[in-house]
Amino acid sequence: MMHCPDHNRRSLLLTALATGVCLAAKSAAAEDQPGSDERPQKGDVLVTSEGEHEGEIIKPDDLKLGGPPLRAWPKDPKTSVIRNGSRLNEILVLKLEPDELDEVTRTRAADGIVAYSAICAHAACPVSEWVKAEQGGEYVLKCPCHNSEYDPRHAAEVVFGPAPRRLAALPVAIADGALVVAGSFAGKVAGQSGG
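Labelled according to an unreviewed UniProt entry, the protein appears under the name Ubiquinol-cytochrome c reductase iron-sulfur subunit, originating from Bradyrhizobium sp. LLZ17. As its UniProt record puts it under Cofactor (unreviewed entry), the protein is described as follows: "[2Fe-2S] cluster".

Written as structure tokens, this is what we have:
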């Protein structure tokens, strides 16, 4: 059996430690930016929160009709601060046929594009799946923690599982070819203190 010389082990440990410190500093810097933990504001643009397009402004054509949703953060267009200092700000954005939306949902949508909190109303887990509903054939938003399902066509009402209420909806509009926040969350974001 071959043993690693001490200097290789020490070098490996120092590299791992330096990487951890660098990642923690990057995360802290993002959270320390003034405004990064503020709730979405009217006029904020929506940017992709993960993947190869992370941080890029979402345009209507970036969304595939019928899903799946994109995960997004609001971004202050004046300061360029991405409001990712609180996980309660993460949003699910998807594009549906406008005539599939009920009246309430349609008033918060932009050409069939809807936005909801990515935080489950049951136990504040991330809503991360786009699946066929347990009952019926429509695709729904699903939290895999306890299997709560939400219908995005009907103001994200609960259609299955233990969630006590619908997902908070975020009104959106299209301005200068980008998806923007058109108002405050309608409904309480799970994990949010107060009402």
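There's more to say after this.
Undergrad: Break down the pattern of salt bridges for me, citing the residues and quoting the values.
TA: Scanning the model with the defined rule gives 8 salt bridges in all. A salt bridge links Arg71 to Glu90; the nearest nitrogen and oxygen atoms lie 3.3 Å apart. Of the two residues, Arg71 is situated in strand E2 (residues 70-75) and Glu90 in the loop between E2 and strand E3 (91-95); the sequence distance between them amounts to 19 residues. The pair formed by Arg71 and Glu90 is uniform in burial state, with each residue classed as buried. In this structure, a network of salt bridges that share partners links the residues Glu38, Asp44, Asp76 and Arg83.

Undergrad: Can you explain the confidence of the model for the protein? Please cite residues and give values.
TA: The predicted model of the protein averages 86 in pLDDT, with 81% of residues at 70 or higher. Contacts for the low-pLDDT stretch residues 25-31, under 50 throughout, to residues beyond four places or in other chains number 4 contacts.

Undergrad: Break down the sheet that holds strand E7 (residues 148-151) for me, with residues and values.
TA: Read from one edge of the open sheet, 4 strands run E5-E6-E7-E8, paired in antiparallel fashion. Pairing within the sheet leaves two strands with one partner each, and these edge strands are strand E5 (129-132) and strand E8 (157-160). Neighbour to neighbour, the strand axes of the sheet diverge by 45° on average, direction disregarded.

Undergrad: Account for the pairing of strand E10 (residues 178-181), naming residues and giving values.
TA: Neither face of E10 is open: one carries Ala178 and Val180, the other Leu179 and Val181, and all of them are buried. Where strand E9 (residues 172-175) folds back onto E10 in an antiparallel hairpin, the turn is made up of 2 residues, including Asp176, whose phi is positive at roughly 50°.

Undergrad: Any chance you could break down the pairing of E5 for me, citing the residues and the numbers?
TA: Two strands pair when backbone bridges link them, and E5 and strand E6 (residues 139-143) are joined in this way by 4 bridges, in the antiparallel orientation. Directly across from Lys132, in E6, lies its bridge partner Tyr139.

Undergrad: Outline the state of the cysteines, supporting the account with residue identities and numerical values.
TA: Under the counting rule described, the total for this entry stands at 0 disulfides. Left unpaired, Cys120 is separated from the closest cysteine sulfur, that of Cys143, by 3.9 Å. By relative accessible area, which is 2% here, Cys143 ends up buried.

Undergrad: Describe unusual backbone geometry, naming the residues involved and giving the relevant values.
TA: For the bond from Gly67 to Pro68, the omega torsion is 5°, close enough to zero to count as cis. Within the secondary structure layout, Pro68 lies in the loop between strand E1 (45-48) and E2. Even without being glycine, Asn147 reaches a positive phi, approximately 70°. Mapped onto the secondary structure, Asn147 falls in the loop between E6 and E7. Here Ala155, not a glycine, exhibits a phi torsion of approximately 55°, which is positive. With respect to the element layout, Ala155 can be found in the loop between E7 and E8. A residue is classified by how much of its surface remains accessible, and Ala155, at 4% relative accessible area, is buried.

Definitions and limits used
- Residues numbered from 1 in each chain as written.
- Predicted model: local features only at pLDDT ≥ 70, side-chain atom pairs only at ≥ 80, totals over all residues.
- Heavy atoms only, no water.
- UniProt positions renumbered as here; feature names shortened; annotations may be inferred.
- Salt bridge = Lys/Arg side-chain N within 4 Å of Asp/Glu carboxyl O.
- Helix = DSSP H or I, 4+ residues; strand = E, 2+ residues; numbered from the N terminus.
- Buried < 20%, exposed > 50% of the residue type's maximum accessible area, 1.4 Å probe, protein only.
- pLDDT = per-residue confidence, 0-100.
- Contact = heavy atoms within 4.5 Å.
- Pairing = 2+ DSSP bridges.
- Axes fitted to C-alpha atoms, helices over the stretch in contact; angles between N-to-C directions.
- Disulfide = S-S within 2.5 Å.

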